[in-house]
Amino acid sequence: MALPDDEEGTTVANGHPPANGYLPVPGDAPAGKVSAETQNGPKAGCLALNGVSRDSPKAASGALDRPKTPLAPEEETQAQLLPKDSGEQTPAVEGTLVPRTALSARRFLVLLIFSLYSMVNAFQWIQYSIISNVFEGFYNVSSLHIDWLSMVYMLAYVPLIFPATWLLDTRGLRLTALLGSGLNCLGAWIKCGSVQQHLFWVTMLGQCLCSVAQVFILGLPSHIASVWFGPKEVSTACATAVLGNQLGTAVGFLLPPVLVPNTQNNTQLLACNISTMFYGTSAVATLLFILTVIAFKEKPQYPPSQAQAVLQDSPPGEYSYGKSIRNLFKNIPFVLLLITYGIMTGAFYSVSTLLNQIILTYYKGEEVNAGRIGLTLVLAGMVGSILCGLWLDYTKTYKHTTLTVYILSFVGMVIFTFTLNLGHIIIVFVTGGLLGFFMTGYLPLGFEFAVEITYPESEGTSSGLLNAAAQIFGILFTLAQGKLTSDYSPKGGNIFLCVWMFVGIILTALIKSDLKRHNINKGVTNGDIKAVPVDSPTDEESKTILMSKQSESAI
């Protein structure tokens, strides 16, 4: 069978094989009133429901006369969200099929470009704090000034998240991506002009622009995954998009100590090294901005999943950003997830920001190894992210996976805390890797779990609120842990984080798991209302009730 031409190249999504009962729609017949013969089966309408043609008297009378049995929660969700009238679909050319969903080959390019410019943005977040003592000496400022170069990322996110998510929901993915990549590029170039000891304010200005760019980046992984990827790959795609940001943090831990070694006795050489790092970052950011302009598209020609098809079929006038926000805050499971995600991610931000100070307290002169420990933490987390994404795509056990990873992150934090002062830095490498594997691996879990329990609300809005909570907790945790670390010891600051993570475990256990998006995809796959396989004349009672109610509405 020939698919419609598409410059991107599309393939029919899994779950809709043409050879398994799809029926052609003649171009001269109205949709919803066509009868055809299946390859090896009885006559049935192209839009047959449960083996009965929609235009048959039996179907119509069954829809009207059937007792109105109460629907189960999942069926009620499906009845509210599925298109009410499939007969309005545009008919295809005679003898061809209109694929309800399709996967675009361009999705991999979009994911790659986003992951790369997200990586550069994350690199610029951590490039100061991992060599904080070097920048303190170069700019003649306190450690708190250098900490704020990291915390400004968290501070800028909170007031800007609402206009950023509004822009994503109303103006679309491409414009949001261009703003994120463009501001990231501009901030990198401004920092190139700050390589003089009295120009700390210029480097802060450049970092502020990069922090604004981050607002248009952090909320996109789940949105890109949902808009471009099919239901069997959406969690892996989200994890891969998050992985780009983690990779940037890893490179930020690794490269600055190598590119800018501690040469406080030679200010000119130090300035040259800093300049090399800044100009290299700017060149890469510029290339990625150009690629974003050229290759980043709003959405594929066909929706990749039934859940997306339902959303795209909804009239635009029905969407209200303010109502969406209110709905999210009325959703108790989401509010609990908001708090628990903020605690976990805020703890990760705090540890990442203060890692140099924590390591140098016990291991003097080990700036390079501090960066390598940070690299180990993030690389292990990248592996954890991908494995968690694959596991979710395979099992769809969102709450159990989230709670398990949360508990293991807490255990990892406890082990990391009480092995720091043993005097063997190799142990810190091992415990840091263990901590990173679970703590960083949690990030895509939170995104995907939020999308599931808040569907059909915008993925960008739910992700944006999660990140806002993470930034708020990140600022508070960094200030509190930094104070405890400087006044007492790193162990005191880490114990503070352990207590909060334990609270997060309790709250995660209270989250009710209602997988609305998964239920829609599963329900439509089993009973598509546009072009369904004609299998057995009998079906599950619940699906018959659901489809009958839709027929009744149409009649």
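Along each chain, numbering runs from 1 in the same order as the chain's sequence is written. Local features in this predicted model are restricted to residues whose pLDDT is 70 or higher, and side-chain atom pairs enter the listing and the counts only when it is 80 or higher, whereas totals over whole chains, interfaces and linings include all residues. Note that water and hydrogens are dropped before the side-chain values are worked out from all heavy atoms of the structure.

The name recorded for the chain in an unreviewed UniProt entry is Choline/ethanolamine transporter FLVCR1, from Phocoena sinus. UniProt positions are given in the numbering used here, feature names are shortened, and annotations may be inferred rather than shown by experiment. Quoted verbatim from the Subcellular location (unreviewed entry) field of UniProt, the annotation for the chain is "Cell membrane".

J.: Can you tell me about the overall build of the chain, naming the residues and giving the values?
T.: The way it works is that DSSP assigns letters per residue, a run of H or I at least four long becomes a helix, a run of E at least two long becomes a strand, and they are numbered from the N terminus. In terms of regular secondary structure, the chain is built from 21 helices and four strands. Going through the 555 residues of the chain one by one, you find that 57% of them count as buried. Only heavy atoms enter the contact rule, under which two residues are in contact if any of them lie within 4.5 Å. A separation of at least 24 residues holds for 83% of the contacts in the chain among residues at least 6 apart in sequence. On the chain, roughly 22300 Å² of surface is accessible, and the fraction owed to carbon and sulfur atoms is 64%. For each residue, the accessible area found with a 1.4 Å probe, counting protein chains only, is set against the maximum for its type, and the residue is called buried under 20%, exposed over 50%, and partly exposed in between. Surface accessibility follows the Shrake-Rupley procedure with a 1.4 Å probe radius. Residue values consider only the protein chains on display as shielding.

J.: I'd love a proper account of unusual backbone geometry, names of residues and values included.
T.: Unusually for a residue other than glycine, Asn140 sits at a positive phi of about 55 degrees. For Asn140, a relative accessible area of 61% corresponds to the exposed category.

J.: How would you sum up helix α17 (residues 442–454)? Please name residues and give values.
T.: Residue count minus one, scaled by 1.5 Å, sets the expected span of a helix. With 13 residues, α17 extends 18 Å between its outermost C-alpha atoms, agreeing within 8% with the 18 Å of an ideal straight helix rising 1.5 Å per residue. Of all 13 residues making up α17, 13 are buried, and the element is well covered by its neighbours.

J.: Outline the pattern of salt bridges, supporting the account with residue identities and numerical values.
T.: When their charged atoms lie close together, side chains carrying opposite charge are able to pair. The term salt bridge refers to a side-chain nitrogen of Lys or Arg lying within 4 Å of a carboxyl oxygen of Asp or Glu. Going through the model one piece at a time under the given rule, you end up with two salt bridges. Taking the shortest distance from any N to any O, the salt bridge between Arg107 and Glu233 comes out at 3.0 Å. In this pair, Arg107 is assigned in helix α3 (residues 107–126) and Glu233 in the loop between α8 (220–228) and α9 (234–259), connecting sequence segments 126 residues apart. Residue Arg107 is classed as buried on the basis of its relative accessible area, which comes to 9%.

J.: Summarise the packing of helix α13 (residues 332–362) against α17; cite the residues concerned and give the values.
T.: An axis is simply a line fitted to the C-alpha atoms; with a helix, the fit covers only the stretch in contact. Between two such axes, the angle follows the N-to-C directions and lies from 0 to 180 degrees. Packing of α13 against α17 leaves a shortest axis separation of 10 Å and a crossing angle of 170 degrees. One finds that α13 runs roughly antiparallel with respect to α17. On the side of α13, the interface is formed by Pro333, Phe334, Leu337, Thr340, Tyr341, Met344 and Thr345, while α17 contributes Tyr442, Leu443, Gly446, Phe447, Phe449, Ala450, Ile453 and Thr454. For classification, angles of less than 35 degrees are called roughly parallel, those exceeding 145 degrees roughly antiparallel, those between 65 and 115 degrees roughly perpendicular, and all remaining angles oblique.

J.: Now, about empty space enclosed by the protein: what can you tell me, with residues and values included?
T.: The pocket and cavity definitions rest on a 1 Å grid over protein atoms only: a 1.4 Å probe that fits but cannot leave marks a cavity, an open set with protein on both sides within 12 Å along at least five of seven lines marks a pocket, and residues lining either have an atom within 4 Å of a point. Grid points are joined across faces, edges and corners, and a volume is the space filled by probe spheres set on the points. What the rule picks out here adds up to 10 cavities of 30 Å³ or more. Volume-wise, the largest cavity comes out at about 260 Å³. Together, 25 residues line the largest cavity, and Gln214, Leu218, Asn245, Tyr349 and Leu443 are the ones closest to its centre. Those elements giving two or more residues to the lining of the largest cavity turn out to be α3, α5 (143–171), α9, α13, α17 and α18 (459–487). All residues other than Ala, Val, Leu, Ile, Met, Phe, Trp, Tyr, Cys, Pro, Asp, Glu, Lys and Arg, Gly among them, are scored as polar; the first ten of these are nonpolar and the last four charged. Its residues assigned to classes, the lining of the largest cavity comprises 16 nonpolar, nine polar and no charged. Structurally, the lining of the largest cavity is a two-domain feature, drawing no fewer than three residues from each of domain 1 (103–307) and domain 2 (319–522). What counts as a domain boundary in this text is fixed by an automatic or database domain assignment.

J.: How would you sum up a nonpolar patch on the surface? Please name residues and give values.
T.: A contiguous nonpolar patch, built from Phe418, Ile495, Val499, Trp500 and Val503 and spanning about 410 Å² of accessible area, is present on the exposed surface. Among the elements that make up the nonpolar patch, the one with the highest residue count is helix α19 (residues 490–509) (four residues). Locating Val503 in the fold gives a position in helix α19. Residue classification places Val503 among the partly exposed positions, given a relative accessible area of 33%. Note on patches: the residues involved have over 30% relative accessible area and no salt bridge, like charges join within 9 Å, and the nonpolar side chains Val, Leu, Ile, Met, Phe, Trp and Tyr join within 5 Å.

J.: Any chance you could break down the state of the cysteines for me, citing the residues and the numbers?
T.: In this description, the term disulfide denotes a pair of cysteine sulfurs within 2.5 Å. Tallying each qualifying case throughout the model produces zero disulfides. With no disulfide of its own, Cys208 lies 9.3 Å from the sulfur of Cys210, the closest cysteine sulfur. When its relative accessible area of 27% is taken as the criterion, Cys208 is described as partly exposed.

J.: Hey, could you go over α9 for me, with residue numbers and the actual values?
T.: With 26 residues, α9 should reach 38 Å at 1.5 Å per residue; the first-to-last C-alpha distance of 37 Å fits that figure. Burial of α9 is extensive: 19 of the 26 residues sit out of reach of the surface.

J.: Talk me through the packing of α3 against α5; I want residue IDs and the actual numbers.
T.: Helix packing for two helices is described by the angle between their axes and how far apart those axes are. Two elements in contact, α3 and α5, have axes separated by 7 Å at closest approach and are oriented at 130 degrees. When the axis of α3 is compared with that of α5, the two are oblique. On α5, the residues that touch Asn121, Gln124 and Trp125 of α3 are Ser150, Tyr153 and Met154. Split by residue class, the contact of α3 with α5 holds three nonpolar, three polar and no charged.

J.: Explain the nonpolar core to me, using residue names and the numbers behind them.
T.: Note on soluble globular proteins: their nonpolar side chains tend to be buried together. To qualify as a nonpolar core, a set must consist of buried Ala, Val, Leu, Ile, Met, Phe, Trp, Tyr and Cys residues joined through side-chain atoms within 4.5 Å. Core analysis: the largest hydrophobic core is formed by 127 residues, its most contacted members being Phe135 and Phe278. The element contributing the most residues to this core is α13, with 15 residues. Mapped onto the domain boundaries, this core takes at least three residues apiece from domain 1 (103–307) and domain 2 (319–522). For Phe135, the residues in contact, after removing those within four places along its chain, are Gln127, Tyr128, Asn140, Val141, Ile146, Ile274, Met277 and Phe278.

J.: Provide a residue-level description of the confidence of the model for the chain, including the pertinent values.
T.: Of the residues in the chain, 72% reach a pLDDT of 70 or more, and the chain-wide mean stands at 75. Between residues 1–99, whose pLDDT stays under 50, and residues either more than four places distant or in other chains, the model counts 183 contacts. With pLDDT under 50 throughout, residues 524–555 is counted as low confidence; its partners more than four residues away or in other chains account for 71 contacts. The predictor reports its confidence for every residue as pLDDT, a score running from 0 up to 100.

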